[in-house]
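Read off the chains here:
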Amino acid sequence: MSTLEIKNLHVSVETEDGAKEILRGVNLTINSGEIHAIMGPNGSGKSTLAYSIAGHPKYDVTDGEVLLDGQNVLELSVDERARAGLFLAMQYPVEVPGVSVANFLRTAKTAIDGEAPKLRTWVKDVNAALERVTLDPTFAQRSVNEGFSGGEKKRHEIAQLELLNPKFAVLDETDSGLDIDALKVVSDGVNRYSGQGDRGVLLITHYTRILKYIEPDFVHVFVAGRLAETGGRELADELEANGYDKYVKAAAV
């Protein structure tokens, strides 16, 4: 059993007018085997939470802790956080010209495991992972995300997730820009990963449509840099019907 604990997390970013606080005391505990969905309006700080956990240098953590099995990952570099068992699927995956998908994945796997996977077995594993997300094996020889469609980038990230198999996956709007077929493929991949029973998922989304395919254990409403309410699947249905207006008004008081 592993645990990811976010304790009183405060995060600021630098703007033209000085530091602006985005996260205002976030508290959340995710246990292995659980899927937590965070929903909220644009600008509420959901992506800031994801990138702060992963260690993006743009975000300045001014208070709080992020504990992975008791270790404060905020004291670790980005690569050390990955080796500790964290994975971030980005809302806008970046292109890496000149680095093939195959080399990228093998290098990442080697860094995380501390030893290189056997090449013959690894090629089979990569091809199988790509096939599961309906990407042709030729994608392994292409530069990372270069020329990929939005859906192909998101499916490639799910292939990464399955191959690297971290303790906890933070998925930042991995459903954005997907058509219904790609959404099902991505959801199936997340379900395969979480179905191992000892992996945790933090799923950030605007919409309930991905929750038709991925069943969350907890749904959290995120507004103005804080968790405003927590519930089950029924809370997502309420948000779909009524929106975030009452939470936004309450946060403004």
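Residues numbered from 1 in each chain as written. Predicted model: local features only at pLDDT ≥ 70, side-chain atom pairs only at ≥ 80, totals over all residues. Heavy atoms only, no water.

### Considering the overall build of the chain
Piece 1. Counting its secondary structure elements, the chain contains eight helices and 12 strands.
Piece 2. Of all 253 residues assigned to the chain, the portion counted as buried reaches 51%.
Piece 3. Residue pairs at least 24 apart in sequence account for 70% of intrachain contacts in the chain once pairs closer than 6 positions are excluded.
Piece 4. For the chain, the accessible surface area stands at approximately 11,800 Å², while carbon and sulfur atoms represent 48% of it. (Helix = DSSP H or I, 4+ residues; strand = E, 2+ residues; numbered from the N terminus. Buried < 20%, exposed > 50% of the residue type's maximum accessible area, 1.4 Å probe, protein only. Contact = heavy atoms within 4.5 Å. Areas by Shrake-Rupley, 256 points an atom, 1.4 Å probe, with all protein chains shown as cover.)

### Some points on the pairing of strand β4 (residues 60–68)
Piece 1. Here strand β1 (residues 3–15) pairs with β4 via seven bridges, running antiparallel. Bridging across to β4, I6 finds its partner in V66.
Piece 2. Of the pairings in the sheet, the one linking β4 to strand β5 (residues 71–72) comprises two bridges and is antiparallel in character. Bridge pairing in β5 places L67 opposite N72.
Piece 3. Linkage of β4 to β5, two consecutive antiparallel strands, is achieved through a turn of two residues, within which D69 is found at a positive phi near 50 degrees. (Pairing = 2+ DSSP bridges.)

### Comments concerning the packing of helix α7 (residues 233–242) against helix α8 (residues 245–252)
Piece 1. With their axes 9 Å apart at the nearest point, α7 and α8 run at an angle of 90 degrees to one another. With respect to α8, the element α7 is oriented roughly perpendicular. Packed against α7, whose contacting residues are L235, E238, L239 and N242, the element α8 presents D245, K246 and Y247 at the interface.
Piece 2. Residues of the contact of α7 with α8, tallied by class, amount to three nonpolar, one polar and three charged. (Axes fitted to C-alpha atoms, helices over the stretch in contact; angles between N-to-C directions. Parallel < 35°, antiparallel > 145°, perpendicular 65-115°, else oblique. Nonpolar A, V, L, I, M, F, W, Y, C, P; charged D, E, K, R; others polar.)

### Some remarks on a nonpolar patch on the surface
Piece 1. Residues V94, V96 and V99 make up a contiguous nonpolar surface patch of roughly 190 Å² in combined accessible area.
Piece 2. If you trace the backbone, V94 turns up in the loop between β6 (86–89) and β7 (96–100).
Piece 3. A relative accessible area of 48% places V94 in the partly exposed class. (Patch = residues over 30% accessible without salt bridge, like charges linked within 9 Å, V, L, I, M, F, W, Y side chains within 5 Å. Salt bridge = Lys/Arg side-chain N within 4 Å of Asp/Glu carboxyl O.)

### Some words on the packing of aromatic side chains
When we look at a pair of aromatic rings, we describe it by the centre distance and by the angle of the planes.
Piece 1. Applying the stated criterion to the full structure yields two aromatic pairs.
Piece 2. Centre to centre, the rings of Y51 and Y59 are 6.3 Å apart; their planes meet at 20 degrees, and the pair counts as stacked. The pair Y51 / Y59 is uniform in exposure class, with both members buried.
Piece 3. A ring pair is formed by F139 and F148, whose centres lie 5.0 Å apart and whose planes are at 75 degrees; its orientation type is edge-to-face. As far as the burial class goes, F139 and F148 line up, both buried.
Piece 4. Positioned above the aromatic ring of F139 is the side chain of R142, whose terminal nitrogen or guanidinium carbon lies 4.5 Å from the ring centre. (Phe/Tyr/Trp six-rings, centres within 6.5 Å; stacked < 30°, edge-to-face > 60°. Lys NZ or Arg CZ within 6 Å of the ring centre and 35° of its normal.)

### A closer look at helix α1 (residues 46–54)
Working note: α-helix, 3.6 residues per turn, so residues spaced by three or four point in the same direction.
Piece 1. Buried residues dominate α1, accounting for eight of its nine residues.
Piece 2. Of the positions making up α1, those classed as buried are K46, S47, T48, L49, A50, Y51, S52 and I53.
Piece 3. The positive-phi residue at the C-terminal boundary of α1 is G55, with phi of around 105 degrees.

### Details of the layout of surface pockets
Piece 1. There is about 740 Å³ of room inside the largest pocket.
Piece 2. If you go around the largest pocket, you meet 29 residues; those closest to its centre are V78, A82, F87, L88 and F104.
Piece 3. Classifying every residue of the lining of the largest pocket by side-chain character gives 20 nonpolar, five polar and four charged. (1 Å grid on protein atoms, 1.4 Å probe; cavity = no way out; pocket = protein on both sides within 12 Å on 5 of 7 lines; lining within 4 Å. Points joined across faces, edges and corners; volume = space filled by probe spheres on them.)

### Describing the pattern of salt bridges
Piece 1. Taken as a whole and assessed by the stated rule, the structure comprises 10 salt bridges.
Piece 2. In this structure, the salt-bridge partner of E162 is R192, at a minimum N-O distance of 2.7 Å. Taken together, the residues span a long stretch of sequence, with E162 in helix α5 (residues 150–164) and R192 in helix α6 (residues 180–194) at a distance of 30 residues.
Piece 3. What makes E162 buried here is its relative accessible area of 18%.
Piece 4. Salt-bridge contacts for K246 lead to E238; the nearest nitrogen and oxygen are separated by 3.2 Å.
Piece 5. Connected through salt bridges with shared partners, the residues R132, E162 and R192 form a single ionic network.

### Some thoughts on the pairing of strand β11 (residues 218–223)
Piece 1. Along β11, five of the six residues are buried, which leaves the element largely enclosed by surrounding structure.
Piece 2. The pairing of strand β3 (residues 35–39) with β11 spans four bridges and is parallel. Residue I38 lies in a different strand from β11, and its bridge partner there is H220.
Piece 3. Summarising the sheet, β11 and strand β12 (residues 226–231) pair through five bridges and their orientation is antiparallel. In the sheet register, F222 faces β12, and the bridge partner there is L227.

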